[in-house]
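Spelled out from the first residue to the last, the chains are:
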Amino acid sequence: MNITHRDHQGITIIYPEGKITLGDGDQELGEAVRTALERGSRKVILNLSKVSYLDSSGVGELVGCYTSIKNKGGDLRICGMNARIFNLITMTSLHSVFDVKETEEEALAGF
C-alpha cells in the first residue's frame, strides 16, 4: 500500500493506492488519517480512485477514520470509488453515513 497526500486550501487529500484489506493497507490508512489530524487537519478527503480492492477490514478502517475525524470536530469526504467499492459501501448502508462524492472536484467544492 502506497499512500500520498496533498493539502489544498486547508483541506488534506489522502490518496491510498492498492488494496485496503486485513494486514495490507488497513493500518496504513488509519495512520495517514491520524497523522493528518495531529497536524491540525479537520477537513479530509479520501480519494479512493487508485484503490483496487476493499474488504471488511478495510470498511472497518474507513469507519474508524470517520470516527476519528468526527471526534476531532472534523469532516470526511470520500471520492473516486470504483463500482465494486461503491457497491460494498452501499450494501453496508455506509453511503448514508459517509459524505460520498464521485470526483475530487465535487468533494472539494462543498468544503
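The structure this text deals with has already been given above.
This write-up is about the structure you can find in this document. What you are looking at is a predicted structure, and each value in this text was computed from that prediction instead of being measured.

**Section: the pattern of salt bridges**
Alright, step 1. Considering all chains together, one arrives at seven salt bridges under this definition.
Alright, step 2. The shortest N-O distance in the salt bridge between Arg77 and Asp99 comes to 2.9 Å. Note that Arg77 is positioned in strand E5 (residues 75-79) and Asp99 in strand E6 (residues 99-101), a separation of 22 residues in sequence.
Alright, step 3. Judged by its relative accessible area of 25%, Asp99 is partly exposed.
Alright, step 4. Linked by salt bridges that have partners in common, Lys70, Asp75, Arg77, Asp99 and Lys101 make up one network.

**Regarding the packing of aromatic side chains**
Alright, step 1. Evaluated as defined, the whole model comprises one aromatic pair.
Alright, step 2. Between the aromatic rings of Tyr66 and Phe98, the centroid separation amounts to 5.7 Å while the plane-to-plane angle is 65°, which identifies the pairing as edge-to-face. One end of the pair, Tyr66, is in helix H2 (residues 56-71); the other, Phe98, is in the loop between helix H3 (83-91) and E6, and 32 residues separate them in sequence.
Alright, step 3. With a relative accessible area of 4%, Phe98 lands in the buried category.
Alright, step 4. The ring of Phe111 carries the charged tip of Arg77 above its face, separated from the ring centre by 4.1 Å.

**Thoughts on the nonpolar core**
Alright, step 1. Of all hydrophobic cores here, the largest spans 22 residues; its most connected members are Leu46, Leu54, Leu62, Ile78 and Ile89.
Alright, step 2. Elements supplying a minimum of two residues to this core: strand E2 (11-20), helix H1 (26-38), strand E3 (43-47), strand E4 (50-54), H2, E5 and H3.
Alright, step 3. For this core, the leading source of residues is H2, giving four residues.
Alright, step 4. Among all residues touching Ile89, those that are not within four sequence positions of it are Leu54, Leu62, Met81, Leu94, His95 and Phe98.
Alright, step 5. Within the second largest apolar cluster, seven residues are counted, among which are Ile11, Tyr15, Cys79 and Ala107.

**Section: the side chain of Asn47**
Alright, step 1. In this structure, Asn47 sits in strand E3.
Alright, step 2. Here Ser49 takes part through its side chain, which lies 2.8 Å from a polar atom of the side chain of Asn47.
Alright, step 3. Once residues lying within four places of it in the same chain are set aside, the contact partners of Asn47 are Ile13, Ile14, Tyr15, Pro16, Cys79, Gly80 and Glu104.

**Structural notes on the environment of Lys101**
Alright, step 1. Summarising the element assignment, Lys101 is placed in strand E6.
Alright, step 2. Owing to a relative accessible area of 28%, Lys101 belongs among the partly exposed residues under this scheme.
Alright, step 3. Sequence separation between Lys101 and Gly80 is 21 residues, and the spatial gap between their C-alpha atoms is 7.3 Å.
Alright, step 4. Those residues within four positions of Lys101 in sequence are excluded, and the remaining contacts are Ile78, Cys79, Gly80, Glu106 and Ala107.

**Here we look at H3**
Alright, step 1. Residues Ile85, Leu88 and Ile89 constitute the buried set of H3. Here the buried residues of H3 occupy an arc of 95° about the axis, which is enough to place them on one side. Among the exposed residues of H3, those pointing more than 90 degrees away from its buried face are Ala83 and Met91.
Alright, step 2. The distance from a side-chain oxygen at the start of H3 to the backbone nitrogen of Arg84 is 3.1 Å, and the residue carrying that oxygen is Asn82.
Alright, step 3. Immediately downstream of H3, the backbone of Ser93 shows phi near 65°, a positive value.

Calculation rules
Residues numbered from 1 in each chain as written. Predicted model: local features only at pLDDT ≥ 70, side-chain atom pairs only at ≥ 80, totals over all residues. Heavy atoms only, no water. Salt bridge = Lys/Arg side-chain N within 4 Å of Asp/Glu carboxyl O. Helix = DSSP H or I, 4+ residues; strand = E, 2+ residues; numbered from the N terminus. Buried < 20%, exposed > 50% of the residue type's maximum accessible area, 1.4 Å probe, protein only. Phe/Tyr/Trp six-rings, centres within 6.5 Å; stacked < 30°, edge-to-face > 60°. Lys NZ or Arg CZ within 6 Å of the ring centre and 35° of its normal. Core = buried A, V, L, I, M, F, W, Y, C linked by side-chain atoms within 4.5 Å. Contact = heavy atoms within 4.5 Å. Polar contact = N/O pair within 3.5 Å; in protein donor to acceptor, adjacent residues only side chain to side chain. Arc of directions from axis to C-beta.

As far as function goes, none of this settles anything; it's purely spatial.
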